[in-house]
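These are the residues of each chain, in order.
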Amino acid sequence: MNQLLYGAAYYDEYMPYERLEQDMELMKAAHINVIRIAESTWATEEPEEGVFDFTHVERVLSVAEKAGISVIVGTPTYAIPPWLAAKHPQVLAVTPRGQGKYGPRQNMDITSPVYLFYAERVIRRLMECVSRFDNVIGYQLDNETKPYGTCGPNVLKRFGIHLRKKFGTAEALNAAYGFNYWSNRVDCWENLPDVTGTINGSYAAEFARFQRGLVDEFLAWQADIVREYAKPGQFLTHNFDYSWVGHSYGVQPEVNHKTAARCLDIAGCDIYHPSQNALTGKEIGFCGSLCRGLRHDNYLLLETEAQGFANWTPYPGQLRLQAFSHVAQGAVSVMYWHWASLHNACETYWKGILSHDLQPGAAYREVSTIGADFARLSGKLWGLRKENRVAVLVSNDALTGIENFPLPEGTNYNHVVRWLYDALYELNMNCDVIFPEDSFENYDVLLVPALYCAPKELLGRLCAFAQKGGELVAAFKTGFSDENLTVYPESQPAHLTDCFGISYEQFAVPEHTALKSDVLALPEDREARVWMELVRPEGAAVLASYEHKFWGGYAAVTENAFGKGMATYLAAMSSPGVLKTILKRVLSRAGLWGAEQEAGFPIHIESAVNQAGQRVRFYFNYSGDDIEQAYLHKDGVELLSGRPVCAGSILHMEPWGFQIVEEQAQYK
Amino acid sequence: MNQLLYGAAYYDEYMPYERLEQDMELMKAAHINVIRIAESTWATEEPEEGVFDFTHVERVLSVAEKAGISVIVGTPTYAIPPWLAAKHPQVLAVTPRGQGKYGPRQNMDITSPVYLFYAERVIRRLMECVSRFDNVIGYQLDNETKPYGTCGPNVLKRFGIHLRKKFGTAEALNAAYGFNYWSNRVDCWENLPDVTGTINGSYAAEFARFQRGLVDEFLAWQADIVREYAKPGQFLTHNFDYSWVGHSYGVQPEVNHKTAARCLDIAGCDIYHPSQNALTGKEIGFCGSLCRGLRHDNYLLLETEAQGFANWTPYPGQLRLQAFSHVAQGAVSVMYWHWASLHNACETYWKGILSHDLQPGAAYREVSTIGADFARLSGKLWGLRKENRVAVLVSNDALTGIENFPLPEGTNYNHVVRWLYDALYELNMNCDVIFPEDSFENYDVLLVPALYCAPKELLGRLCAFAQKGGELVAAFKTGFSDENLTVYPESQPAHLTDCFGISYEQFAVPEHTALKSDVLALPEDREARVWMELVRPEGAAVLASYEHKFWGGYAAVTENAFGKGMATYLAAMSSPGVLKTILKRVLSRAGLWGAEQEAGFPIHIESAVNQAGQRVRFYFNYSGDDIEQAYLHKDGVELLSGRPVCAGSILHMEPWGFQIVEEQAQYK
Amino acid sequence: MNQLLYGAAYYDEYMPYERLEQDMELMKAAHINVIRIAESTWATEEPEEGVFDFTHVERVLSVAEKAGISVIVGTPTYAIPPWLAAKHPQVLAVTPRGQGKYGPRQNMDITSPVYLFYAERVIRRLMECVSRFDNVIGYQLDNETKPYGTCGPNVLKRFGIHLRKKFGTAEALNAAYGFNYWSNRVDCWENLPDVTGTINGSYAAEFARFQRGLVDEFLAWQADIVREYAKPGQFLTHNFDYSWVGHSYGVQPEVNHKTAARCLDIAGCDIYHPSQNALTGKEIGFCGSLCRGLRHDNYLLLETEAQGFANWTPYPGQLRLQAFSHVAQGAVSVMYWHWASLHNACETYWKGILSHDLQPGAAYREVSTIGADFARLSGKLWGLRKENRVAVLVSNDALTGIENFPLPEGTNYNHVVRWLYDALYELNMNCDVIFPEDSFENYDVLLVPALYCAPKELLGRLCAFAQKGGELVAAFKTGFSDENLTVYPESQPAHLTDCFGISYEQFAVPEHTALKSDVLALPEDREARVWMELVRPEGAAVLASYEHKFWGGYAAVTENAFGKGMATYLAAMSSPGVLKTILKRVLSRAGLWGAEQEAGFPIHIESAVNQAGQRVRFYFNYSGDDIEQAYLHKDGVELLSGRPVCAGSILHMEPWGFQIVEEQAQYK
C-alpha cells in the first residue's frame, strides 16, 4: 500500500437491482482503486441466528479483484440484526432515557456479553471468508464506535468496581469528589448512587472517562480477534469521527481517540464539512491533523462527502479542492461515503458519488478527474510527512470538564479549540493537534485551549516547555481544576502563576467590553467574548487590558519571560482578528512568521515533505473568486500542469482551484 | 334539509345554571335553526358503568323541538368517562410516549375491544333515545377521530399481520423497504421490530398509512351501528379537522379524509382560522374545497369560531364575512363552536357566541344579522354548486413522505400545498382540492404540489392528463419515490421526464439565489426558497433559471408541450409573486385568465350556481379598508340589498364587507 | 439579638483542607458576627444509618464561640444521604416525570413517613448537640422547602381524601369544577382520575394549593420538634425563596409564604438578583417587602450573593449598596451564601466571599468595610420600621390561575406583579406587599395585579376598601374566576362592575395598538401590551382608550368614584412610562406625590423609622455614574460620614454609592 488510495464505501446489499459489474466498471474508469465494504451489514451476513451467508461480500471481493480494486473489509458489528434484539433485548443499551428500541445503529451495550458473543462469532466467520482474498488490504474494526450512553445496572456495577479500585475507600472517594456537598457522601460502596442522577461534576466526569475507556477496551478486543486472521501486510484501522454540529467539528467527546487508536496499525477517520460558500478546509485541516497525530503517521480518510446533503451539493471544482486538501494533511486515502445514493431509510439524502439515478453525473465526472490525477501523482503525493513547529494541545478531560461547567452562551471546549486552530489555519501556520499523552517538547510553539482539567504533572510539563525555550500560549480556564475536576484551591491559573507571571481570583462575562492595548495594533473588532478573567500581572507584561469603567485595571492578555521561553496568557476570548494579532507576535518571536502568514485566507497554503524527500507546497483557493497569488517558495514544478514555477511568480488561482508545487531542492 | 342551516354546538351539560329555555329563545331570536349536541358527554349519559341517563339530551331535544330548532346528535365516544379508564386502563392508547393518562379527550385506543364494547353500548342507548325525536336531522359519528398515536403491542401485532398479508414473505418486505440498510433485515415475521424505533421511512410511512386506515374502519363501524337506528332523511356525517398550526391549515396527516368519508351521507368539517387583521378567507377556501370534494357535494361546516381565542376576537363585520364565505364554497351549514363560553377547563378561552357573562353581546348581535340574512336568502344560497376548471391534487402519502424526509427550514408538505392553493385564491381562481382517489380528467388545469410519494400508475395518470390536453403544473419533489417511499432509481422526476421534458439528479438548498427569466416579467422578490433542483431541460422550454455563479445553467421553471397539453415544472419554491406570474401564463393558455384574476386580493371573488340554476357572484373585501371594486360579471341583483347591479358598475365595499350578486341569466 | 447581623453560610464540611481557625479570624476581622451552619449536611451528621457524628457542627460552634460569632443552625433535612435513598427508594418523590433519582437536593417526598422518621431522628440528635451552645441564636427549619412536585400514589390518595372532605359528594365536586366537560365527571371517589393528566384547571389548581399546604404542614411539624429543644431567646426561622428566573423575581408559586410562615418566630429569605449594570435593587425591594409582610415585622436576609456567578461579579461599591438596601427594607441581617467558593459539584461557580483560592480578595475587602459600618451603625439601623401607605396585593391562587390559563407571550402573574411593583419602586413610592390573608384597610392606596382567582368575599373587601375612601387600582384579569378557578358567569370584572363603574365581555391581544388619552399626558411609548379588555364605561371616567380602527370606542383605563374612594382600572398592560403617569394621578389624589417621586430612578429613596423613633432616609444611586441629588427631607446627619445634612442641600452620589440621613426631629 504505497500509493494514494481513492475510493468509496460500497454496499452491494443496498442496491435496488443487480449492477455490481457495471459499478466496478464505472469505478475503474474513474481510477477508483479501493472500496470499503461489509460494515453495518450483519443482518445480510447472518440473516438468521447462526445461519451465515457471505454471498454479497464474496461476490464483491471477486468482481473487485478482477477489476484491480482493493478492499477494506469492515466488521459489521455496529448495527445489530433484528433477531438479536428480539431474542436478547438486553443487548440494547440502557441510557439515561431508558432502554433503547431496535431500529437505529449504535444502540447496543458494547459491554454486554450477549452482544460480544454474537459479535465475535460473526467477525470470525467473516474473517474466515474474506482473508482468502488477495485484494483485501486491511480491516476496519466496527465503525465510529462509542459508548452510546450505556449506563444500565451492569455498567454502573462495573463503574463502582472501577471506583473502588481507583480510590480504595469510600472515604477517599468522598474527599476527592467533595461528596460532603449536598449530603452526597457515601458510607459504603454498596450505597454508591446511580451516577446518572448526580449533581457532582467530578463523579459525572469520571463516568464519562470510564465510558470512553469502554471504547478502548472494545476496539482492542476486536483487534485481537481480527489479528488472528489478518495476513501480513493487511492493516487494522478504525473509522473515528469527531464532535458533530451538523458536520465534523472538534474533539470527539465520547472517545479518547489517542488511547483508542493504540490497537490499530493505521488511524482512520471520517470528515464531513460544510460546502458551497461555507467550504473553508478548516475541518479537513483540524480533523486531519488530529488523526495524523494519533499514531504520528499518515492516516486513512475513510469517509467524506461526495455530494451529501442538499446544502452540501458541491460547486464545480470543490470535490477536487477537498481531495487534495486531505492529501496535503497527510492522508493516504480519500474515500467517499458512498458510491451510490440510497433509496431508503434515514440516509437517503446523504448522497454518494452517484445520485439516486445511479448514472454517472456531475459528481462522478469530477471524481474521475481526481482519480486520474491521484493515479498520475501518487508517487509524489503518497505518504507526505508534515514537519510542523506548532502544536495545539487538546484534552478529552478538559472537554468533559467544560461540559460539566459550561461557559456562557453555549460556548463549549471545542469552540475554544477551534478559535485557536482556525486562527492558525487562516495564518497558513501548519500545525499538529496533540493530546496530553503526546510529548510536546520538540515544538517551538504550543497553544493550549482552555485546559480546564489537568493534573499537576501536566501543568508542570507546560511550565517546563516554556522554561526550556518554548513559546507557550494558554487560553482562559487553563489550570483551573485537577484531574478529578476539583478546582485547585489556589491562585489561578493554578500551578501556572509563576510561568505566566499572573494571578486571578475573579472572572466575569464580558458585556460591551473591548480589549485595548498600547502594545498591539488591534483590529476594529476588539470585543471580549464569552469569558473574561480579571488578571493581575505579577511580573508579566500586559499586552492588552479591558476597556471597562470599573475593571480597566485588569489585564486581558499578558506575556511573561519564563526561563528561556515566553508564556502568553489569553484571559478572554476575542475576535479572530485580535487573536491573530497576538499570534503574529508569538510566531514572529519564534521565527515562524513570513510571507505565507501574510498571504492569509482564503488562500490556504500547506507544506509537506514527500517520500522522495522533497518539499511539496499546496496553494489552495478557498473562494469562489479568481485570485492571483504570488508563489512564495523555492523554484519547483507545478505537479498538475507539469509547468515549472519560479519563486515570486504569480499563481493564477481559479475559483475553488489549487496548485501543487514540488520544490526542486531536496528537503534538508 | 333544503335550507341553510345556521347554528352552534350546545352543551346543556356544561351550563353553570339552568338556562335552557332562555338559550333557545335567544337562538330563535337570532334565527339559529340547528344545534349540535351530545358529542363528548359520555360521562353524563352513562354516569356509572351501565347506568344510563339521557336527561340532558332529551330535555334539549324537547325544548329545541318546541322552538323549531333542528338537532344534529353526536355520538359521545371521543371522550371516555373516568370510570372506564379506572376499570380498564388498557383503553388508554399506548403511544410513543407510553400509556396515556386519563384527562384529555381522544386518548383512547380506538382498536381496543374493551373500548369498542362500551362505545357500542352507549351509542345504541343514545340512538334508542334520540331517534324518537322528529327534530333530529342527522347524526355525527364521533368527533375529529384520529388514531391518537396508538401503537401498543396489540396495534403492532395487527400491523405485523397487515404487512404479512401485504408482502407475503419477509423477503419481499426486506426488498420493498430496503431493510438491508443498517442491518434492519428481518428473518421472520415474529422478529419484526417495533416500528416506533425505526429509522426506515418506508416502514414508518406504512405504519402511518395503517393508522389512518384504523380511522376508516372505526367510522365505518360506528356508521353501521347508527344506521340501524337512523330514520329516512336523517343523515350521517363526521366532523373532520385539518392539520393544525394554531388554526386549521392543510391536509390532515392522521386521517385520509377521502376514504374515511366513504361511510357518510354528507361530509362535515370544522374550520378555525386567524382573524382580525390576519383574516384572509384562505382557510375557509382551502378546507371548504377539500371537504366539498370528499363526496363531490355540498358539505356541513360543523364548527367554526364565533369569538374563539383573544387573538381571534372578530372585528365588526368579520363574522358576517366569514359566514357567507363558507356558503360561497358550498357549505350548507354554518355552525359555531359553540353557543356559550365555558367557565372551566382547557377551552375556557375558546369563546362561543355568548361570552362568559352568557348575555347577548357583540358577537351575538352580529350573529343575529347573519341568521336573518340566511333565513331570507336560503332559497338563493342553499346547495350552491361549484363548477371549477382547476384542481389541486393532494395526497396523504406525499405528506407522510415529506414528514419522513423533511424539506429544509421546517417546510412541510402542507406549506407547498398552500403555496399553490393560496396563489390561486389570491388570483380569484376558484378551484377544487382533490385526492389521488378522484378522477381529474375533466379539469383544464391540474396543480400538483410536491407529490413525493406516488405509484407509477398515478404518475402515468398525470402524464395522460397533459397528453390529452390538460395544463399540468407540478412542483419540486413530485415523482421522487414510489408508494413504499422508496426513491425511484431513475432520472428525476421519475416517470415524468418525458412529460415535463426535463431531468435532474442534483438539488440544493437555495442561498441568496434568485430566479431570472427572459420569458416572464418576474416581480421584485425573485428569491428561490427552501429547495432548488438543478434541472436540465431535455426538450422543455426554460421559463426561468437560477441567478447563481456556478449553477446558472440549470433551469428553475420549465414548460413542455406534451401531447395536446402542456406540462409546467416548478423546480424551486418561490415568492407568491413569482408563482402568480407563472400561473398567469398557465391560466391564460387555458383560457381562464380574466378581469377577476386581475382584480386580486384583498378582493376575493367566488362563483357558484344555485339550485335555480343561476350564477351567484360573491365579492368579498378581505381588508379593513373601504374599497371600490368594479362588478365584473353579468347584470344581476345584489341579494343583501335587493338592488340591481349592472356589469361594470362600481361596488362599494365596506371594511370586511361583501356583496352577493345573482346573475339574471340562467347558467347554461 | 438587637444588633445588625452580618454573616455568611459556613460549611466546615466542604473545606478542601483544615482552615477553621483561619476562617474565623478572617471573619472576625471583617466584623462578621453570625454564621449559618448545618443545613444540607445530613450525610456528614449521620454518615451511616443510625451512626451520628456532629464533629463538624460542634467544632464550628466552639471556635465561633471563642471568636464571638453567633450561629444559626439549620436542620439538615433538605438533602438526604445516599444510604437513605439506597435503602428506601420510596423517599424519592414521584413527580410527573416519574420517580426521581438520587443526586440533587430537594428530591424527596416530604410526606413520606419513612423520610419523616429519619428526618425527625437526625433533627433531634442535632438539637441535643447544638442546644448546649450559648452562641446559637436561632434555628432554620429545613431550607427553601417545597413540595418538589410530589404526586405519587400516596399523595394522590391524600388529595382524594382532601377533596372528599372539602366537597362531601362527587356531585358537588363535578359541579364546582365543571367536570361534565369532556366527560371528566366522576361517579365515585374511587374513580377520581390522576390529577397529573387533567385538562381541568380547577382540579389542577386545587392540587397546586394542596401541594402548597404540604409545605405548611411540613414546616409546622419541624417547628414542633425544634421547639422542644430551643432555649428562650432562640428563634425559629425559615429560608423562603422566590420565583426564579435566573434570579429571585416574584411570588413563589409552590409555597404560600404567608401561611407557611405561621410556625416561625421571624421570617427569613434569600434574595439573589442581577448585578453589574443590571443591578437595580428592585428584587431587594420586592422580595424584602414580601418577607417583611409575612409576620409584619423585621426579617432575616439569610442568603444573598457575595460574588455568585460570573455575570454577577460585583463592581466596586455594589456589595455595599446592596447590603444597606436590604437594611433599608427592614432586614436585620445580611448574610451571604456563602463564605467560601466550592471546589466541587453544581454550585462551584456560585462563588462566596472568598474565591476558590480561599484568600481575602476583592469581595472580602468590600465585605470588611460593610461589617465595620454595620457594627458602628447598628444602633441606628437595626430594627427599622416601615410606615408605608401603599400596598400591592399578591395571591398564590391568582398566580396558579394564570399558570393554568396563561396570558400571551409567556407573560405570567409575576410579570404583572412586578410591572406594578417596579413602577412604584422607580417612583420611590415605598410600599408593602401583602396577601389576601392580610388586612388592607389601613392603606391609602391598594394595587391589585391580575387577581384572576378570588372568592366573592375578597372581591367584596376590595370594593369596601374603595368605598371607605381608599384608592383602589386593579389590573386586567382581576375578578375573573372564583376560588375554584371557575369563571364567574357574569359581567366582568365580576363583582367589581359597580366599584369600577365598568363592564366588559370581550378581550383581545393587542397588535400595534396604542393607548390614547385626552386626560393624561402619556409618554412616547404608549403601546398596549399582552392583553386588552374591551371595556365599556358604565359610570366610570375614561382616562385612556385604544388607538384602533375598530375598537377605538372601548376604554383602556378608567377611574370611578366609588363611595368615598376611587377605583382605577387598567384594562391593558402598558409601558412603565404609561403606568407611572396613571400612578402619579392616583398617588397625587392620595396626597402621596412629592419631590421624592419626581426624583425617580436610578436614584432610589427608602424611608424608615428606627428604634429611637427617628426617620432614616436612604438615598441610593443605582447607576455607574456620579449623580448630584438634592436632599429632600428634613435636616439630619449623614450616618456614614457623620456630617450634618440640611434640607435642600446637594448629595454627591458616587457610582453605586449611597447616603443615609437620620433626621434630627423625632418621628411623630
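Cut-offs and rules
Residue positions are given per chain, counted from 1 along the sequence in the order it is written. Following the order in which they are written, the chains are lettered starting with A and the ligands numbered starting with 1. Residues qualify for local features only when their pLDDT is at least 70, as the model is predicted, and side-chain atom pairs are given and counted only at 80 or more; totals for whole chains, interfaces and linings, by contrast, use all residues. As a rule here, side-chain values cover all heavy atoms of the structure and leave hydrogens and water aside. Axes here refer to lines fitted to C-alpha atoms; in helices the fit is confined to the stretch in contact. Angles between the N-to-C directions go from 0 to 180 degrees. The secondary structure listing takes helices from DSSP runs of H or I that are at least 4 residues long and strands from runs of E that are at least 2 residues long, numbered from the N terminus. Handedness of a crossing follows from how the near helix is turned relative to the far one, being left-handed for an anticlockwise turn of less than a right angle and right-handed for a clockwise one. Contacts between residues were defined by any pair of non-hydrogen atoms, one from each residue, lying within 4.5 Å. Under this grouping Gly is polar, as are all residues other than the nonpolar Ala, Val, Leu, Ile, Met, Phe, Trp, Tyr, Cys and Pro and the charged Asp, Glu, Lys and Arg. Buried area is understood as the total, over both parts, of accessible area removed when two parts are fitted together, assessed with a 1.4 Å probe. Throughout this description, the term salt bridge denotes a Lys or Arg side-chain nitrogen within 4 Å of a carboxyl oxygen of Asp or Glu. Any pair of N or O atoms that falls within 3.5 Å is considered a polar contact. Within protein, one atom must be able to donate a hydrogen and the other to accept it, and sequence-neighbouring residues count only if both atoms are side-chain atoms. Pairing between strands requires that DSSP locate at least two bridges from one strand to the other. Only protein chains enter the area calculation, which uses a 1.4 Å probe; residues under 20% of their type maximum are buried, those over 50% are exposed, and those in between are partly exposed. The copies were overlaid by least squares, fitting only the C-alpha atoms of residues that reach a pLDDT of 70 or more in each copy. Bend angle per residue: angle between axes fitted to the 7 residues ending at that residue and the 7 residues starting there. Within a predicted model, pLDDT stands for the predictor's per-residue confidence, ranging from 0 to 100. Every angle not falling under 35 degrees, over 145, or within 65 to 115 is termed oblique; those three ranges are roughly parallel, roughly antiparallel and roughly perpendicular.

Caption draft 1: Just the packing of helix H5 (residues 113-130) of chain C against helix H8 (residues 201-227) of chain C, in detail. Residue and element names in this part refer to chain C. Where H5 meets H8, the axes come as close as 10 Å, and the angle between the chain directions of the two elements is 35°. For the pair H5 and H8, the crossing hand works out as right-handed. Contacts from Tyr115, Leu116, Ala119, Glu120, Ile123, Arg124 and Met127 of H5 reach H8 at Phe218, Trp221, Gln222, Ile225 and Val226. Residue composition of the contact of H5 with H8, by class: nine nonpolar, one polar and two charged.

Caption draft 2: View of the interface of chain A and chain C. Contacts between the two partners involve 44 residues from chain A, matched on the other side by 52 residues from chain C. Approximately 3900 Å² of surface area, both sides summed, lies buried where chain A meets chain C, with 58% of it carried by carbon and sulfur atoms. Remark: the boundary between chain A and chain C carries two salt bridges. As a salt-bridge pair, Asp625 of chain C and Lys549 of chain A come within 3.6 Å of each other at their nearest N and O atoms. Across the contact surface, chain A and chain C share 26 residue pairs in polar contact (both at pLDDT 80 or more). For the side of chain A that touches chain C, the elements supplying multiple residues, two or more each, are helix H7 (170-177), helix H8 (201-227) and strand S19 (507-508) of chain A. Class assignment of the residues belonging to the side of chain A that touches chain C gives a composition of 20 nonpolar, 16 polar and eight charged.

Caption draft 3: The interface of chain A and chain B, seen in detail. At the junction of the two partners, chain A supplies 53 residues and chain B supplies 44 residues. Interface of chain A and chain B: buried area, both sides summed, is about 3900 Å²; carbon and sulfur atoms make up 58% of it. Applying the counting criterion to the chain A and chain B interface returns two salt bridges. Our count for the chain A to chain B interface comes out at 26 residue pairs in polar contact (both at pLDDT 80 or more). Looking at the side of chain A that touches chain B, its residues break down into 28 nonpolar, 17 polar and eight charged.

Caption draft 4: Summary view of the sheet that holds strand S7 (residues 235-237) of chain B. All names here are of chain B. In space, the nine strands of this open sheet follow the order S7-S6-S3-S2-S1-S11-S10-S9-S8, with parallel pairing throughout. Each edge of the sheet is formed by a strand with only one pairing partner; in this case those strands are S7 and strand S8 (239-240). Bridge analysis of strand S2 (residues 34-37) against strand S3 (residues 70-74) gives four bridges, and the strand direction is parallel. If you follow Ile35 over to S3, its bridge partner there is Val71. Strand contacts of helix H3 (residues 55-67): S2, S3 and strand S6 (136-140), with the helix running at about 175° to S2, the strand carrying the most contacts. Sheet strands in contact with helix H12 (residues 362-381) are strand S1 (5-9) and strand S11 (331-337), and its direction is about 145° off that of S1.

Caption draft 5: Broad picture of the sheet that holds strand S26 (residues 572-573) of chain A. Within the open sheet, the three strands sit side by side as S19-S21-S26 (chain A). Their pairing is antiparallel. Lying at the two open borders of the sheet, with one neighbouring strand each, are S19 and S26 of chain A.

Caption draft 6: Main features of the pattern of salt bridges. Counted according to the given criterion, the structure contains 120 salt bridges over all chains. Between Arg617 of chain B and Glu663 of chain B there is a salt bridge whose closest N-O contact spans 2.5 Å. Of this pair, Arg617 of chain B sits in strand S26 (residues 614-621) while Glu663 of chain B sits in strand S31 (residues 658-666), and the two are 46 residues apart along the sequence. As far as the burial class goes, Arg617 of chain B and Glu663 of chain B line up, both buried. For the salt bridge of Glu559 of chain C with Arg585 of chain C, the shortest nitrogen-to-oxygen distance reads 2.6 Å. Of this pair, Glu559 of chain C sits in strand S24 (residues 555-562) while Arg585 of chain C is found in helix H17 (residues 576-589), placing the two residues 26 residues apart along the sequence.

Caption draft 7: A look at the relation of the copies chain A and chain B. Here chain A sits on chain B after a turn of 120° about the axis and a move of 0.0 Å along it, with an RMSD of 0.0 Å. When the rotation and shift are considered jointly, the pair of chain copies conforms to a three-fold rotation axis. Minimal C-alpha separation from the rotation axis in chain A is found for Arg97 of chain A, amounting to 6.7 Å.

Caption draft 8: Expanded view of the pairing of strand S6 (residues 136-140) of chain C. Residues and elements named next belong to chain C. Burial within S6 is extensive, with five of its five residues counted as buried. For strand S3 (residues 70-74) and S6, the ladder comprises four bridges, and the chain directions are parallel. In the strand pairing of S6, Gly74 is matched with Gln140. Sheet topology note: the S6/strand S7 (residues 235-237) ladder contains three bridges and is parallel. Within S7, the residue paired with Tyr139 across the bridge is Leu236.

Caption draft 9: View of helix H12 (residues 362-381) of chain C. All names here are of chain C. At Ala375, H12 shows its maximal bend, which comes to roughly 45°. Of all the positions in H12, only Ala363, Tyr364, Glu366, Val367, Ser368, Ile370, Gly371, Asp373, Phe374, Leu377, Ser378 and Leu381 are classed as buried. Looking one or two residues beyond H12, the residue adopting positive phi is Gly383, at roughly 70°.

Caption draft 10: Region of interest: the confidence of the model for chain A. On average, residues of chain A score 97 in pLDDT, and 99% of them reach the 70 mark or higher. Scored as a complex, the prediction yields pTM 0.97 and ipTM 0.96.

Caption draft 11: Focus on the packing of helix H14 (residues 413-426) of chain B against helix H17 (residues 576-589) of chain B. Residue and element names in this part refer to chain B. For the pair H14 and H17, the least separation of the axes is 10 Å and the interaxial angle reads 70°. With respect to H17, the axis of H14 lies roughly perpendicular. Crossing hand, H14 versus H17: right-handed. Counting all contacts with H14, which are made through Trp419, Leu420, Ala423, Leu424 and Glu426, the residues of H17 involved are Leu579, Lys580 and Leu583.

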